Amino acid sequence: VQLEASGGGSVQAGGSLRLSCAASGGIFRLNVMGWYRQTPGKQRELVASITSRGSTNYADSVKGRFTISRDNAKNTVYLQMDSLKPEDTGVFYCNVRDLIAATNYWGQGTLVTVSS
């Protein structure tokens, strides 16, 4: 399984970015797709996740500003990030947790930089 993320970049505070991550190579339908963020010196932390049935979970810091969605037909997960803040800056990693194969997959990171 390979995950290919795209959509990172630089934006001013208050702006928006949309991240995409497409999974290829075959994953079971029962899975959780998500986005994690990592900043220097800190552990990777969950930003948002969505189950194959559409249930979502968000970090408190992004609730009301970020929206996670997925296209099951395309095995793709999206993260719409609005009202971005400088503290949102970090490397964002997409993740797929395959609940049948009990396997975790990670994409390459994509850098998001929010300037004040």
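Check the entry above for the structure.
Criteria and thresholds
- Residues numbered from 1 in each chain as written.
- Predicted model: local features only at pLDDT ≥ 70, side-chain atom pairs only at ≥ 80, totals over all residues.
- Heavy atoms only, no water.
- Buried < 20%, exposed > 50% of the residue type's maximum accessible area, 1.4 Å probe, protein only.
- Helix = DSSP H or I, 4+ residues; strand = E, 2+ residues; numbered from the N terminus.
- Pairing = 2+ DSSP bridges.
- Salt bridge = Lys/Arg side-chain N within 4 Å of Asp/Glu carboxyl O.
- Axes fitted to C-alpha atoms, helices over the stretch in contact; angles between N-to-C directions.
- Phe/Tyr/Trp six-rings, centres within 6.5 Å; stacked < 30°, edge-to-face > 60°.
- Lys NZ or Arg CZ within 6 Å of the ring centre and 35° of its normal.

Side note on the pairing of strand 4 (residues 31–38)
Inference 1: Most of strand 4 is tucked away, with six of its eight residues classed as buried.
Inference 2: Note: strand 4 against strand 9 (residues 90–98), eight bridges, orientation antiparallel. Bridge pairing links Asn31 to Asp98 in strand 9.
Inference 3: Here strand 4 pairs with strand 5 (residues 45–51) via six bridges, running antiparallel. The residue bridging Tyr36 from the neighbouring strand is Leu46, located in strand 5.

A few points about the pattern of salt bridges
Inference 1: Going through the model one piece at a time under the given rule, you end up with four salt bridges.
Inference 2: Close ionic contact of Glu45 with Arg37 constitutes a salt bridge, the shortest N to O distance being 3.0 Å.
Inference 3: For Arg37, a relative accessible area of 6% translates into the label buried.
Inference 4: As a salt-bridge pair, Arg65 and Asp88 come within 2.8 Å of each other at their nearest N and O atoms. Pair noted here: Arg65 is in the loop between strand 6 (56–58) and strand 7 (66–71) and Asp88 is in the loop between strand 8 (76–81) and strand 9, with a separation of 23 residues, a long-range link.
Inference 5: By relative accessible area, which is 1% here, Asp88 ends up buried.
Inference 6: Three or more residues are tied together by salt bridges with common partners; here these are Arg37, Glu45, Arg65 and Asp88.

Considerations on the sheet that holds strand 8
Across a sheet, strands are paired by hydrogen bonds formed along the backbone, either parallel or antiparallel in direction.
Inference 1: Strand order in the open sheet formed by four strands is 1-3-8-7, and the pairing between neighbours is antiparallel. Each having just a single partner strand, strand 1 (2–6) and strand 7 make up the two edges of the open sheet. When the angles between neighbouring strand axes are averaged without regard to direction, this sheet yields 15°.
Inference 2: Judged from the five bridges that link them, strand 1 and strand 3 (residues 17–24) form a sheet pairing that is antiparallel. Within strand 3, the position partnered with Ala5 by the bridge is Cys21.

Let's talk about the pairing of strand 5
Inference 1: From the end of strand 4 to the start of strand 5, which pair antiparallel, there are six residues, and Gly41 there has a positive phi angle of about 80°.
Inference 2: In this structure, strand 5 lies alongside strand 6, joined through three bridges in antiparallel fashion. Directly across from Ser49, in strand 6, lies its bridge partner Asn57.
Inference 3: A loop of four residues connects strand 5 with strand 6, the two strands running antiparallel in sequence, and Gly54 in this loop sits at a positive phi of about 100°.

Some words on the packing of aromatic side chains
Inference 1: By the definition in use, this model includes one aromatic pair.
Inference 2: Summarising the aromatic geometry, the rings of Tyr36 and Trp106 are spaced 5.0 Å apart at their centres and angled 70° between planes, so their arrangement reads as edge-to-face. Of this pair, Tyr36 sits in strand 4 while Trp106 sits in strand 10 (residues 103–106), placing them 70 residues apart in sequence.
Inference 3: It is Arg18 that lies over the ring of Tyr78; its NZ or CZ is 4.2 Å from the centre.
Inference 4: When the ring centre of Tyr93 is taken as reference, the NZ or CZ atom of Arg44 above it lies at 3.6 Å.

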